[in-house]
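Spelled out from the first residue to the last, the chains are:
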Amino acid sequence: MSESSNVNNGPKSEIYEALTSIRLIDPHSHINPHSPASSTLADLLGYHYYTELAHSSGMPKSRIEDPSIGPKELVERLVGGLQPLENTAQYSWLIEICRTFFGFEEDRLHLNNWEALYDRSEQIMASAQWSETVLDQSNVQAVFLTNDFDDALEGFDTDTYIPCLRTDDLVFHLAKPEVRGRLATCTGIELDGSLESLRSSLKQRFEHFVSRGARACAISIPPSFAPTPVPDGRASTALNAVLQKGLAADASHRDALSRRVFWTLAELCDEFGLPFDLMIGVNRQVYPEGVFQGQDLYDSRVSLIQYRELFNSFPNVKFPISVLASVTNQELVSYAWIFPNVIANGHWWYSNTPSFISRDAAARLEAIPQTKQIGYYSDAYKLEFIWPKFDMYRQVLSGVLSDQFVGQRGWSVERAVELGRRVLRDNVEEIFPRPERAAAPLAGEAESDEAQSPSIPGALGVATAVAGVTEIVESFDTPETSVPETLDTDSPAAGPSSDDDLSLDIDALPGDEEVQELGVDDVELIDDSAPEGTSAEDLANLVEEDSLDVGNLLEDEEPAPEITQLRGESSFSPDDESLQLESDPTTGEFTLPVDGSDSNNDEEEFITINDASDLTADNVEELLEDSDESKAAEAEVEEFDLDFLDEDDEGKEAT
Ligand SMILES: [Zn+2]
């Protein structure tokens, strides 16, 4: 097929020929695996690029989307409107398809030649093997799909048509009753207002997809969206508001729920080892009167800075990023240059024409590690488009490799081809590995409903378990949770028995490796299913007759008696000053503050830390982190205070 490309001899031609021989895996498309190829020219000309261009050059939408017209009439109408489009790259794809697959020998399609082509192509496409023929002629081995979350993923070969979990509906449309209905139907899990039901539903979808060979999770995102974590309390409020009011729920609740769902998906990508394809920057319905799929546009105000928390929070999740327009490419190049988990992905939509591809691809090739760029994907709806679109990319790529690498840097053609192969094919396989090629699943995953376990590299699983432990702390929204017990900072891994999403994150029986990684001696320190010491009798038994001898906290000093003797006081009460000693900035000497505040201050401080009634979900974590430190600091202050009194009194005696 290369003869149609008219590439001149020279390094570019050599590189192009070599790239053409590489069998492709197309890492993103909208192919329907049950009807992957076209059956008439209407399937090709109905592609939104033609309908929107025909419309933008004057054809009324009603002539294109008239439901009463058949495929042949639609083609006749569109062909009648093609002349203004003849200069576009999209038009060349169409001609390329007709020449490559249907023996068309002209370079324009018009009202005098379309019908013969229509009839001949219809016969060719009627072949039972048509889709295999197209794949073969296009030198394509496999194609990634875009599957709705409730796709059964049955009835097709998932080695050729690779499932990909598309999550737009889950993140942005959960307020729609029909979307929630679909989710409940496919998972068997009803959203009951608990975050656990939400997470379980999403996780069930991951299990379903991964068990059927999914190699990516994907979403397209509007420029206004900034993914950030949403605390459990806020997420719960948002979920309940959306469940009660649906689309009428307040926009702030819908947004909070979107962010929560998105974040949970990222956690699941981490857990299941799936890359998360982000297609960033689509403003939907900018031109609502446009033809189907011809209404959306990019927004130059989009910035990847909105994703910084996501990229930082999930270092083990690969984020292949597509930007809608070339204006965002430099930012993408920079992010992929700095973040190990950011990967530049293809040339999407409005940036998918030769001049933008050329500029963007060159910028990526000269600045991003070669392992972190996926050269191209077709985004095709019908198999026939994979060939001309990839061919457009191959031609641009061979030009960039020839000019920049062979011409300017003196690379050999072979070395340039190697780089081309890497971005065209090898990186697709490495960035989206087959599930079975990944490491063994975590212990406990085997208990999942799905027969085939998801692939989870051990390190990722451990990271998730750690994240789960952190989350335990956040989940104490509910008053019935036994706060005092969990304040025992010596057993950070002791989990609550009830709580939101957590039980799902922590295996019932962690493997030795996980336990080691967690740095916790024993994750089963507390069996809180059997409450103890809570009855009056139990408590009475715990009370010892003599007051508890805490020993000599200061090791080599005897605190209380010495103090009272030195000061000549009959009793000792810790005072405010003891906690507020500050060194004089000029002399370095410790001085007593002059303002006389409550003398029992430090006692109160002590009580505050231990008073469970003061705990809120927000400060529990902080206290857990700080309490050991606080106690240590307190001991230090007391110790220091005593030293000071010694010195001070000695000084007084001396004067
Ligand atoms: Zn797409």
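- Looking at an unreviewed UniProt entry, one finds the protein chain named Glucuronate isomerase and attributed to Rhodopirellula halodulae.

1. Brief notes about the confidence of the model for the protein chain
- For the protein chain, the mean per-residue pLDDT works out to 78, and 65% of the residues sit at or above 70.
- Scored below 50 in pLDDT, residues 623-627 shows five contacts in the model against residues more than four places distant or in partner chains.

2. What about the nonpolar core?
- Core analysis: the largest hydrophobic core is formed by 129 residues, its most contacted members being A266, C269 and I321.
- It is helix α17 (residues 386-408) that provides the largest number of residues to this core, a total of 11 residues.

3. Quick notes on the pairing of strand β6 (residues 276-280)
- Of all five residues that make up β6, five are buried, and the element is covered over most of its length.
- Here β6 shows two buried faces, one formed by F276, L278 and I280 and the other by D277 and M279.
- Bridge count between strand β5 (residues 217-221) and β6: five bridges; the pairing is parallel. Pairing of C217 across the sheet is with F276, part of β6.
- Where β6 lies against strand β7 (residues 319-323), three bridges are found, and the strand directions are parallel. Along β7, the bridge assignment pairs I280 with V323.
- For the crossover that starts at β6, traverses helix α14 (residues 308-313) and ends in the parallel β7, the hand is right-handed.

4. Let's talk about the sheet that holds strand β8 (residues 342-345)
- A sheet is described by the order of its strands in space; here six strands give the open sequence β4-β5-β6-β7-β8-β9, paired in parallel fashion. Of all strands in the sheet, those bounded by a partner on one side alone are β4 (165-166) and β9 (373-374).

5. A few points about unusual backbone geometry
- A positive phi is found at N139, a non-glycine position, where the angle reads about 60°.
- Following the sequence through the fold, N139 ends up in the loop between α8 (130-137) and β2 (140-144).
- Judged by the 15 C-beta atoms lying within 10 Å of it, N139 falls in the partly exposed class.

6. Examining the sheet that holds strand β3 (residues 161-162)
- Taken in spatial order, the three strands line up as β1-β2-β3 in an open sheet, and their pairing is parallel. Edge positions in the sheet fall to β1 (24-26) and β3, since each has one partner strand and no second.
- Here β2 runs beside β3; their pairing, made up of two bridges, is parallel. Its bridge partner being in β3, V143 is matched across the sheet by Y161.

7. Side note on the environment of L174
- As for its placement among the helices and strands, L174 is situated in the loop between α9 (168-172) and α10 (177-187).
- The class of L174 is buried, set by 24 C-beta atoms lying within 10 Å.
- For the pair L174 and V261, spaced 87 residues apart in the sequence, the C-alpha separation amounts to 9.2 Å.
- The residues contacting L174, other than those within four sequence positions of it, are V179, R180, V242, L257 and V261.

Definitions and cut-offs
Residues numbered from 1 in each chain as written. Predicted model: local features only at pLDDT ≥ 70, side-chain atom pairs only at ≥ 80, totals over all residues. pLDDT = per-residue confidence, 0-100. Contact = placed C-beta atoms within 7 Å. Core = buried A, V, L, I, M, F, W, Y, C linked by C-beta atoms within 7 Å. Buried ≥ 20, exposed ≤ 12 C-beta atoms within 10 Å, placed from the backbone. Helix = DSSP H or I, 4+ residues; strand = E, 2+ residues; numbered from the N terminus. Pairing = 2+ DSSP bridges. Right-handed = clockwise from strand over helix to strand, strands pointing away.

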